[in-house]
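Summary of the model geometry
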Amino acid sequence: MTRLNELTAAEAARRIAAGETTALALAEACLERIAERDEEVRAWAFIHAKQALAEARELDRMPRRSPLHGVPVGLKDIIDTEGLPTEYNSPIYRGHRPKADAACVALLKQAGCLVLGKTVTTEFALNHPSQTRNPHNSAHTPGGSSSGSAAAVADAMVPLALGTQTGGSVIRPAAYCGAFAVKPSFGSINRQGVKQVSESLDTVGVFARSAEDLALSLEVLSGRKPALPAAGSPRIGLCRTPRWESADAATQANLEDAARSLARAGARVADFALPAGSEALFDRHKVVMHFDMARALAWEHANFPDQISNSLKPRIEDGLTVTREDYDAMRETARRCRRALAEAMREVDFLLTPSAPGEAPASLASTGDPVFNRAWTLFGVPCVSVPRGRGPHGLPLAIQLVGPMEGDMALIGWAGWVAVNS
């Protein structure tokens, strides 16, 4: 029998609404799982169990506020929370307690969701690895920078968690850990109260256990309404990208097999080439990211240079060497590519492409390669990672769906279809 903590967010909420369980029982089941597993996985930066249980009891006494009422949520620890520490995994901010919730947290609370705690992030949501382990094999990375959120959802510690993506920090850890995830269209979820890395790229995303969970979460966080089921079968662009050779043999075979399965299910699948000039988005993403990052962390770099990791400090210093002319030119390239992609995607419902180059690497010294994520982040378009298959070490593989700008809910709807038919 499925344990309460293993339910999808949607199913858990339905059981609460039907009186078959309570928010308190669900929170207790999640906390029990955390107690069993987090010493090994290390997904959580902070949990105030007594406070969470008290808030769960309050939710059980309230009228139902949304289809996610009573569902526990984990929050990446770069997202401000009133009453809980927000430390960005940096010694500079040890003990930091914001006076207000981030906008996304306030919206979740208004929807009757229960903040269970803060999940581990890499330092300032960048490249320095965190303490979190892959829940399937603790010798392997969970990915980053939303390490704890991906691992906590995949390990049935919590049904929903928020993360952020500036390069590949939602889609890649979801792929490595075996969770569903959405990086929505740029700007879909308000970033007030989220520690900024790049004002041009940062995007709040969601980890979950089903496409339905993603749709319900995005409805709460962005106001978008779930898409009605599409008539007929999808038109799919099989997009291997200019970096196809970076995918290992298992990932290439998994994607090709998924495309064949979807075609057998009725989809029209055709090869899709990215617009001319798009290769620069794979190669020069860091021009934008590093320029923004150096300025976003200017105070920390000026005042606490010795408390910034040796892996992050060179990236900040690199960003300080990027000229405004190069930054503006790269952003204009991205704008041109976005326009060209939008036109090309009129012929398809979504693109099918890798979520990551392979299964999670057997290393804790790196969070893996975001080569199959960076360009889509620069494009600003919505992406969904759907777990599919296993790699040579038995760890999860995934496929990534990419939709047109602002087509988030339709894309999530198709992700549900893909999960069933691939």
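Residues numbered from 1 in each chain as written. Predicted model: local features only at pLDDT ≥ 70, side-chain atom pairs only at ≥ 80, totals over all residues. Heavy atoms only, no water.

Things to note about the overall build of the protein chain
The cut-off we apply is this: Put simply, DSSP H or I for four residues or longer makes a helix, DSSP E for two residues or longer makes a strand, and each gets a number counted from the N terminus. All radius of gyration figures rest on C-alpha atoms, and the globule criterion is 2.2 Å times the number of residues raised to 0.38. Think of it in three bands: with a 1.4 Å probe and only protein chains considered, a residue is buried below 20% of the maximum accessible area for its type, exposed above 50%, and partly exposed in between. Should any heavy atoms of two residues lie within 4.5 Å, those residues are considered in contact. Per-residue and other accessible areas were derived by the Shrake-Rupley procedure at a 1.4 Å probe size, with only the shown protein chains allowed to occlude residues. Residues counted as positive are Lys and Arg, residues counted as negative are Asp and Glu, and His and the chain ends are not counted. By convention, the point assigned to a charge is CZ for Arg, NZ for Lys, CD for Glu and CG for Asp.
The helix and strand tally for the protein chain stands at 15 helices and 11 strands. Compactness check: the protein chain gives a C-alpha radius of gyration of 20 Å against a globular reference of 22 Å for 422 residues, within 12% of the reference. C-alpha extents for the protein chain along the principal axes are approximately 55 × 55 × 40 Å. Of all 422 residues assigned to the protein chain, the portion counted as buried reaches 58%. Restricting to contacts in the protein chain with at least 6 residues of sequence separation, those with at least 24 account for 77%. Entry remark: accessible area of the protein chain is about 15,900 Å², with carbon and sulfur atoms responsible for 50%. Taking the average place of the 46 positive charges on the side chains of the protein chain and the average place of its 47 negative ones, the gap between the two points comes to 2 Å.

Focus on helix 15 (residues 408-421)
Worth spelling out the cut-off: Expected span, for any helix, means 1.5 Å times one less than how many residues it has.
End to end, helix 15 covers 20 Å across 14 residues, agreeing with the expected 20 Å (1.5 Å per residue, within 8%). Turning to helix 15, its buried residues are Asp408, Met409, Leu411, Ile412, Trp414, Ala415, Trp417 and Val418.

Structural notes on the packing of aromatic side chains
Remark: the centre distance and the inter-plane angle together describe each pair of aromatic rings, the angle taken between the planes. The cut-off we apply is this: Two aromatic rings from Phe, Tyr or Trp, using only the six-membered ring of Trp, form a pair when their centres are within 6.5 Å; if the ring planes differ by under 30 degrees the pair is stacked, by over 60 it is edge-to-face, and anything between is tilted.
Throughout the structure, instances matching the rule amount to 9 aromatic pairs. Judged by centre distance (6.4 Å) and plane angle (55°), the rings of Tyr93 and Trp299 are tilted. Taken together, the residues span a long stretch of sequence, with Tyr93 in the loop between strand 2 (72-76) and helix 4 (103-110) and Trp299 in helix 11 (residues 298-303) at a distance of 206 residues. Under the relative-accessibility criterion, Tyr93 is labelled buried at 13%. When the centroid spacing of 6.1 Å and the interplanar angle of 90° are considered together, the rings of Trp414 and Trp417 count as edge-to-face.

Quick word on the layout of surface pockets
In plain terms, the rule: The way it works is a 1 Å grid over only the protein atoms, where trapped points that fit a 1.4 Å probe form a cavity and open points with protein on both sides within 12 Å along at least five of seven lines form a pocket, and then any residue with an atom within 4 Å of a point lines it. Grid points are joined across faces, edges and corners, and a volume is the space filled by probe spheres set on the points. The classification used treats Ala, Val, Leu, Ile, Met, Phe, Trp, Tyr, Cys and Pro as nonpolar, Asp, Glu, Lys and Arg as charged, and all other residues, Gly among them, as polar.
Volume-wise, the largest pocket comes out at about 350 Å³. For the largest pocket, the lining is made up of 21 residues, of which Asn127, Arg172, Met289, Arg315 and Pro370 are closest to its centre. With 3 residues, helix 10 (residues 285-296) is the single largest residue contributor to the lining of the largest pocket. Here the lining of the largest pocket is built from residues that sort into 5 nonpolar, 11 polar and 5 charged. Reported here for the second largest pocket is a volume of approximately 300 Å³. Every element with two or more residues in the lining of the second largest pocket is listed here: helix 7 (211-222) and helix 15. Per-element tally for the lining of the second largest pocket: the top contributor is helix 15, with 6 residues. Split into classes, the residues belonging to the lining of the second largest pocket amount to 13 nonpolar, 2 polar and 1 charged.

Comments concerning the pattern of salt bridges
Rule in force here: Every case where a carboxyl oxygen of Asp or Glu lies within 4 Å of a side-chain nitrogen of Lys or Arg is listed as a salt bridge.
Inspection of every chain in the model, using the stated rule, returns 28 salt bridges. Its salt-bridge partner being Arg3, residue Glu36 comes within 3.3 Å of it at the nearest N-O pair. Residue Glu36 is found in helix 2 (residues 23-41), and its partner Arg3 is found in the segment before helix 1 (9-17); the two are separated by 33 residues along the sequence. Given the relative accessible area of 47%, Glu36 is considered partly exposed. One salt bridge in this structure joins Glu279 and Arg243, with 3.2 Å as the shortest N-O distance. Taken together, the residues span a long stretch of sequence, with Glu279 in helix 9 (residues 279-283) and Arg243 in the loop between strand 7 (235-238) and helix 8 (249-264) at a distance of 36 residues. On the basis of relative accessible area, Glu279 is assigned to the partly exposed category, the value being 40%.

Some remarks on the pairing of strand 9 (residues 350-354)
Definition in use: Any two strands with at least two DSSP-identified bridges between them are counted as paired.
Most of strand 9 sits inside the fold, with 5 of its 5 residues counted as buried. Of the pairings in the sheet, the one linking strand 7 to strand 9 comprises 3 bridges and is parallel in character. Note on strand 9: the bridge partner recorded for Leu238 is Leu352. Where strand 9 and strand 11 (residues 396-402) come together, 4 bridges link them in antiparallel fashion. Residue pairing for strand 11: Leu351 is matched across the bridge by Val402.

Digging into the packing of helix 1 against helix 7
To be explicit about the condition: Axis angles are defined between N-to-C directions and span 0 to 180 degrees, where every axis is a line fitted to C-alpha atoms and, for a helix, only to the segment in contact. Angular relationships are summarised with four words: roughly parallel below 35 degrees, roughly antiparallel beyond 145, roughly perpendicular across 65 to 115, and oblique for the angles in between.
Remark: helix 1 packs on helix 7, axes separated minimally by 7 Å, with the N-to-C direction vectors making an angle of 75°. Classed by the angle they form, the pair helix 1 and helix 7 counts as roughly perpendicular. Residues Ala9, Ala10 and Arg14 of helix 1 touch helix 7, and the partners they reach there are Glu212, Asp213 and Leu216. Looking at side-chain class alone, the contact of helix 1 with helix 7 contains 3 nonpolar, no polar and 3 charged residues.

Observations regarding the pairing of strand 6 (residues 203-208)
The side chains of a regular strand alternate between both faces of the sheet. Most of strand 6 is tucked away, with 6 of its 6 residues classed as buried. Residue alternation in strand 6 divides its side chains into two sets, Thr203, Gly205 and Phe207 and Val204, Val206 and Ala208, and both sets are buried. Pairing between strand 4 (residues 160-165) and strand 6: 5 bridges, direction antiparallel. The residue of strand 6 that forms the bridge with Gly163 is Gly205. Across 3 bridges, the pairing between strand 5 (residues 180-183) and strand 6 is antiparallel. Looking at strand 6, one finds that Phe180 is bridged to Ala208.

Quick notes on the environment of Ala35
By secondary structure assignment, the location of Ala35 is in helix 2. For the pair Ala35 and Met157, spaced 122 residues apart in sequence, the C-alpha to C-alpha distance is 9.2 Å.

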